[in-house]
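Inside the fold
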Amino acid sequence: MQMFSSLLPEKIFLGFLLLCFVLPTWGQNTRTQYSFNPSWKLFVGDAKGAEMPDFNDTDWKAVTLPHAWNEDAAFRVSIDQHPTGIAWYRKHFVLPKNTQGKKIFIEFEGVRQAGKVYLNGQYMGIHENGVMAFGFDISQWVKYDSENVIAVRTDNAWDYREKATNSRYQWSDKNFNANYGGLSKNVWLHVTDKLYQTLPLYSFLQTSGTYVYAKNFDIKGKKATVVVESEVKNEFSEPKTVSLEVEIKDLDGKIVKTFTGNSQTLQPTETKTLSANTPLSDLHFWSWGYGYLYTVTSRLKVNGKIVDELPTQTGFRKVEYNNGMVYLNDRVLMMKGYAQRTSNEWPALGLSVPPWLSDYSNGLMVESNANLVRWMHITPWKQDIESCDRVGLIQAMPAGDAEKDVEGTRWTQRTQVMRDAIIYNRNAPSIFFYECGNESISENHIAEMKALKTQYDPFGGRAIGSREMLDSKISEYGGEMLYINKSAHIPMWSMEYSRDEGLRKYWDEFTPPFHKDGDGPLYKGASAREYNRNQDTHAIEDVMRWYDYWRERPGTGKRVSSGGVNIIFSDSNTHFRGAENYRRSGEVDALRVEKDGFYECGMVGSILRNFEYILLVTGITRLALSKT
């Protein structure tokens, strides 16, 4: 995409380079966020007494997070053979001298599957869902003037059970959820004043952070009203009267506007939400292939002095869902892209890659003319969500699920993950869809999920739904797998319109190493022809299937298809049906080297109006296909 490529070299690339520095400081003597990734020690196995500060970890392996302890297994073995077990992570650290009397929080972007966290031998808590971010207020137990030791005991057993309920998690599944264990995501340390804006970490902290959105859009006039709502907590022993000031900078770092909101008095231990809003003009609206982001800094002031400031990177866009279609900035957009495994993994690295590699991979989707990535089954980590913001790639964000609706504890687990995911990611402009299940769910369940969206993200311009939901009166979008669903009401787009597999090394039947289409082992005792294609036939199948959806595209009648996504973008170390030990449905291989299908997706996006031309280029007709 031209707009994406014009932004990436100068603005986006520099942006994620800055993220790699250890110490991004947001304001002098106000709030500091430290990367807590360096200088960890790792031991694979259970070590008695490893939670204690005086435990001898001298001989443990030195690692830098994010680091899955079994990352070397990625693509080396099949998903069901990923190593599992107990692994300990420890870190020694000393706080800077200016932190005395401050609030100290630790934020984990995730742990797989479960993690027991200890600070200086004190048990902080256990996080068990294997998906979402979580954090602790460690102010009470941290030492401000000497060394601290944080220790995390992780357990990535496939059959892990929640301690309080003895229930397994539905998404701990050997088919689709590649098991990269331990601290495979980033960790952060936050230092704030005792009067502060909360973190969006509902589990344990019970806080929801800052919410930024736009309303009253005038797309042609490049205008909108920007609203900032910030949850503020007072942990001083006396009341504090505080005001909210907001500064907005554009992608070049230029201040667009500074404005103030209401002032409120907070009693000791009280939490309130402060808000501010302002009209803005000459806006750059976030769009597909145009990841234009603003930095919205919200500041708390007491007697005119800044006591806390928090930057939020976000974009502004208008999204509507009606007449069976998706409208982005007042234009109809047909969904086209990929259903990608949330692990988004690489050989020998798993999911723990640097931000630039996430941008490269997700940017390739945009380059192939995709406008949507449907992450599958579980919420992606923060790095991929922020990457999609930058490259201009729309996201469908799941919570945690498998292949069917559930009841009781396992349903409660799904709602808890969705709640945490919405709160943590609601400022991401690229998220358009909240997905509640990889199969249809009951009307009561979709109503429960919709209530979470209404409570925590009422103005974000997002639709909540699930796969199927064809007859739902509550779901805000839906769509089947492999079937063409049309609607004059909520958008219906295919969740997986093509599922065939083809290995990149097999070009066609006539070029070494010569692979006749369909040759390969049986799958469950039956022919697996569609899972053992070569590049050419795999790409052609994608073209044929997409045409069925394009034929029913917006503008062809009252009831239309809103498009769809195929599975998957990159080959994945998940369940497989061909000759190799990994899934090869990708339009690129595991190293993101393009297959024919990558160019097919870009070609179809560019020449949709002349499908016969595509057939001519590929040298094949529907009749010829039907005879093979």
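See above for the structure.
Below is a summary of the structure that appears in this document. (Residues numbered from 1 in each chain as written. Predicted model: local features only at pLDDT ≥ 70, side-chain atom pairs only at ≥ 80, totals over all residues. Heavy atoms only, no water.)

1. Observations concerning the packing of helix H3 (residues 355-367) against helix H4 (residues 382-391)
Note the threshold: The convention used is that axes are lines fitted to C-alpha atoms, helices contributing only their stretch in contact, and that angles between N-to-C directions extend from 0 to 180 degrees. Working definition: helices are DSSP H or I runs of at least four residues, strands are E runs of at least two. Numbering for both runs from the N terminus. Angles below 35 degrees are treated as roughly parallel, those above 145 as roughly antiparallel, those between 65 and 115 as roughly perpendicular, and all remaining angles as oblique. Each crossing gets its handedness from the near helix: less than a right angle anticlockwise from the far helix is left-handed, clockwise is right-handed. Note on contacts: a residue pair is in contact if any heavy atoms of the two residues lie within 4.5 Å. When residues are grouped by polarity, Ala, Val, Leu, Ile, Met, Phe, Trp, Tyr, Cys and Pro land in nonpolar, Asp, Glu, Lys and Arg in charged, and all others, Gly among them, in polar.
Two elements in contact, H3 and H4, have axes whose closest approach is 9 Å; the angle formed by their N-to-C orientations is 50°. Judged on the interaxial angle alone, H4 and H3 are oblique. Our pair here, H3 against H4, has a crossing hand that is right-handed. In contact with Pro355, Ser358, Asp359, Asn362, Gly363 and Val366 of H3, H4 contributes Gln383, Asp384, Ser387, Cys388, Arg390 and Val391. Tallied by class, the residues present in the contact of H3 with H4 amount to four nonpolar, five polar and three charged.

2. Digging into the pattern of salt bridges
Applicable threshold: Throughout this description, the term salt bridge denotes a Lys or Arg side-chain nitrogen within 4 Å of a carboxyl oxygen of Asp or Glu. When accessible area is computed with a 1.4 Å probe and restricted to protein chains, residues below 20% of their type maximum are described as buried, those above 50% as exposed, and intermediate ones as partly exposed.
All told, the structure shown has 38 salt bridges when counted by the stated rule. Across the salt bridge formed by Glu552 and Lys486, the nearest N and O atoms sit 3.2 Å from each other. One end of the pair, Glu552, is in the loop between helix H7 (535-550) and strand E29 (563-567); the other, Lys486, is in the loop between strand E28 (463-465) and H7, and 66 residues separate them in sequence. One salt bridge in this structure joins Arg504 and Asp589, with 2.6 Å as the shortest N-O distance. A residue pair is termed long-range when its members are at least 10 positions apart, and Arg504 in the loop between E28 and H7 and Asp589 in the loop between E29 and helix H8 (596-606) qualify at 85 residues. For Arg504, a relative accessible area of 33% translates into the label partly exposed. Given a relative accessible area of 11%, Asp589 falls into the buried group. Taken together, the shared-partner salt bridges connect Glu245, Glu247, Lys249, Arg299, Lys301 and Glu309 into one network.

3. Topic: the sheet that holds strand E10 (residues 148-155)
Counted only if it meets this: Paired strands are those between which DSSP finds at least two bridges.
Taken in spatial order, the six strands line up as E3-E2-E5-E10-E7-E8 in an open sheet, and their pairing is antiparallel. Of all strands in the sheet, those with a lone pairing partner are strand E3 (61-63) and strand E8 (122-127), marking the two edges. Strand after strand, the sheet turns through a mean of 25° between neighbouring axes, direction not considered. Relative to E10, strand E7 (residues 114-119) is paired through six bridges, and the arrangement is antiparallel. Paired with Tyr118 across the strands is Ala151, a residue of E10.

4. Notes on the packing of aromatic side chains
Put simply, the rule reads: Here a pair means two rings of Phe, Tyr or Trp (six-membered ring of Trp) with centres within 6.5 Å. Their orientation is stacked below 30 degrees between planes, edge-to-face above 60, and tilted elsewhere. Here, a charge over a ring means that NZ of Lys or CZ of Arg falls within 6 Å of the ring centre while also lying within 35 degrees of the ring normal.
Under the defined criterion, the tally for this structure stands at 32 aromatic pairs. Ring centres 6.2 Å apart and planes at 55° place the aromatic pair Phe134 and Phe204 in the tilted group. A residue pair is termed long-range when its members are at least 10 positions apart, and Phe134 in strand E9 (residues 134-137) and Phe204 in helix H2 (residues 202-205) qualify at 70 residues. A residue is classified by how much of its surface remains accessible, and Phe134, at 1% relative accessible area, is buried. For Phe204, a relative accessible area of 37% gives the class partly exposed. Pairing Tyr497 with Tyr549 gives two aromatic rings, centres 5.7 Å apart and planes at 50°, and the pair type is tilted. Placement of Tyr497 in the loop between E28 and H7 and of Tyr549 in helix H7 is noted, with a sequence separation of 52 residues between them. Of the residues examined, Tyr497 reaches a relative accessible area of 1% and is grouped as buried. Members of the aromatic cluster, each reached through a chain of ring pairs, are Phe108, Phe134, Phe136 and Phe204. Here the guanidinium or amino end of Lys336 rests over the ring plane of Trp546, the centre of that ring lying 5.5 Å away.

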